[in-house]
Amino acid sequence: TQTVSQSDAHVTVFEGDSVELRCNYSYGGSIYLSWYIQHHGRGLQFLLKYYSGNPVVQGVNGFEAEFSKSDSSFHLRKASVHWSDSAVYFCAVRGTNSAGNKLTFGIGTRVLVRP
Amino acid sequence: DMKVTQMPRYLIKRMGENVLLECGQDMSHETMYWYRQDPGLGLQLIYISYDVDSNSEGDIPKGYRVSRKKREHFSLILDSAKTNQTSVYFCASSLQGGTEVFFGKGTRLTVV
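Fair warning: this is a prediction, and the values are worked out from it, not measured in the lab. (Residues numbered from 1 in each chain as written. Chains lettered and ligands numbered in written order. Predicted model: local features only at pLDDT ≥ 70, side-chain atom pairs only at ≥ 80, totals over all residues. Heavy atoms only, no water.)

Time to look at the overall build of chain B. From N to C terminus, chain B includes zero helices and 11 strands. Mapped in sequence order, the helices and strands of chain B form the string β-β-β-β-β-β-β-β-β-β-β. Here the C-alpha atoms of chain B give a radius of gyration of 13 Å, agreeing with the 13 Å that 2.2 N^0.38 yields for 112 residues. For chain B, the spread of C-alpha atoms along the three principal axes comes to 35 × 25 × 25 Å. Excluding contacts between residues fewer than 6 apart, the proportion of contacts in chain B whose partners are at least 24 apart in sequence is 53%. In the form shown here, chain B has an accessible surface area of approximately 5500 Å², with 51% of it arising from carbon and sulfur atoms. Taking the average place of the 14 positive charges on the side chains of chain B and the average place of its 13 negative ones, the gap between the two points comes to 7 Å. (Helix = DSSP H or I, 4+ residues; strand = E, 2+ residues; numbered from the N terminus. Rg over C-alpha atoms; globule rule 2.2 N^0.38 Å. Contact = heavy atoms within 4.5 Å. Areas by Shrake-Rupley, 256 points an atom, 1.4 Å probe, with all protein chains shown as cover. Lys, Arg positive; Asp, Glu negative; His and termini not counted. Charge placed at Lys NZ, Arg CZ, Asp CG, Glu CD.)

Laid out in structure tokens, this is it:
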């Protein structure tokens, strides 16, 4: 069974600040990890993913995420946020032995960027 | 243009009525999904389809059924809708084994 936890339901930052969104997972094998963004009233959009190799992966719009096997984490970061980064962010996991292509999503972290 | 299209975007139905939510994709993706999204619960997988007429239950299939007769179309059917099926429904697609999932804009269903 694969599970994913996003410990922060809400994060508020000022424009230009850095932000880190936490994601922890549990699964007893190799795993695909990804982050998605959902702007208000829209569907989810893919940001980035990790499976193997360099634990720091780059995504669109200046986002990056770092995988840590020891911490079972895949935290998302951005060095300088823009007002348009206000959205809900979802971490998703899929075990390589997962039946089919079943992705499990966290409950999301709502980010509010203040001017 | 890579797109997942959902129709309708908004729907209000009475309890007991049948509901049909439609989804199309133009990427020839083998795998398609139906999720529902509720506050505080994130996205919950209802059904997953691996190709035409190859569908599997997700985590919360009760009260729903699906139909996939063409690779590019995936329908979600609620027979006799219930008020607790009020939610936002998302259709999505991906390549078989793909880790990037493409989502539609969602259908907000209200059952009164």
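There is more to say after this.
Per the secondary structure count, chain A includes zero helices and 12 strands. For chain A, the sequential pattern of α-helices and β-strands runs β-β-β-β-β-β-β-β-β-β-β-β. Along the longest, intermediate and shortest principal axes, the C-alpha atoms of chain A span 45 × 30 × 20 Å. When each of the 115 residues of chain A is scored for burial, the buried share is 47%. Relative to all contacts within chain A whose residues are 6 or more apart in sequence, the contacts with residues 24 or more apart total 57%. Accessible area for chain A stands at about 5600 Å²; split by element, carbon and sulfur atoms hold 49% of it. Positive and negative side-chain charges in chain A, numbering 10 and 8 respectively, have mean positions lying 11 Å apart. (Buried < 20%, exposed > 50% of the residue type's maximum accessible area, 1.4 Å probe, protein only.)

Attention now goes to the interface of chain A and chain B. The partner chain B presents 25 residues to the 20 residues of chain A that form the contact. Seen at the junction of chain A and chain B, the total is one salt bridge. Here aspartate 59 of chain B ties to lysine 102 of chain A by a salt bridge, and the two come within 2.5 Å at their closest N and O atoms. Seen at the junction of chain A and chain B, the total is three residue pairs in polar contact (both at pLDDT 80 or more). Of all the elements, strand E5 (residues 31–38) of chain A adds the most residues to the side of chain A that touches chain B, at four residues. (Salt bridge = Lys/Arg side-chain N within 4 Å of Asp/Glu carboxyl O. Polar contact = N/O pair within 3.5 Å; in protein donor to acceptor, adjacent residues only side chain to side chain.)

Turning our attention to the pairing of strand E9 (residues 87–94) of chain B. All names here are of chain B. Burial analysis of E9 places eight of its eight residues in the buried class, the great majority of the element. Both faces of E9 are covered, namely the face carrying Ser87, Tyr89, Cys91 and Ser93 and the face carrying Val88, Phe90, Ala92 and Ser94. Strand direction decides the pairing type here: strand E4 (residues 31–38) and E9, joined by seven bridges, are antiparallel. Bridged to tyrosine 33 within E9 is alanine 92. (Pairing = 2+ DSSP bridges.)

This next bit is on the packing of aromatic side chains. One pass over the full model with this rule turns up 16 aromatic pairs over all chains. Relative to phenylalanine 67 of chain A, the ring of tyrosine 25 of chain A has its centre 6.3 Å away and its plane inclined at 20°; by these criteria the two rings are stacked. Here tyrosine 25 of chain A is found in strand E4 (residues 24–26), whereas its partner phenylalanine 67 of chain A is found in strand E8 (residues 63–68), with 42 residues between them in sequence. Note on accessibility: tyrosine 25 of chain A and phenylalanine 67 of chain A belong to one class, buried. Feature note: the residues Tyr36, Phe46, Phe90 and Phe105 of chain A together with Tyr33, Tyr35, Phe90 and Phe103 of chain B constitute an aromatic cluster, connected by ring pairs. (Phe/Tyr/Trp six-rings, centres within 6.5 Å; stacked < 30°, edge-to-face > 60°.)

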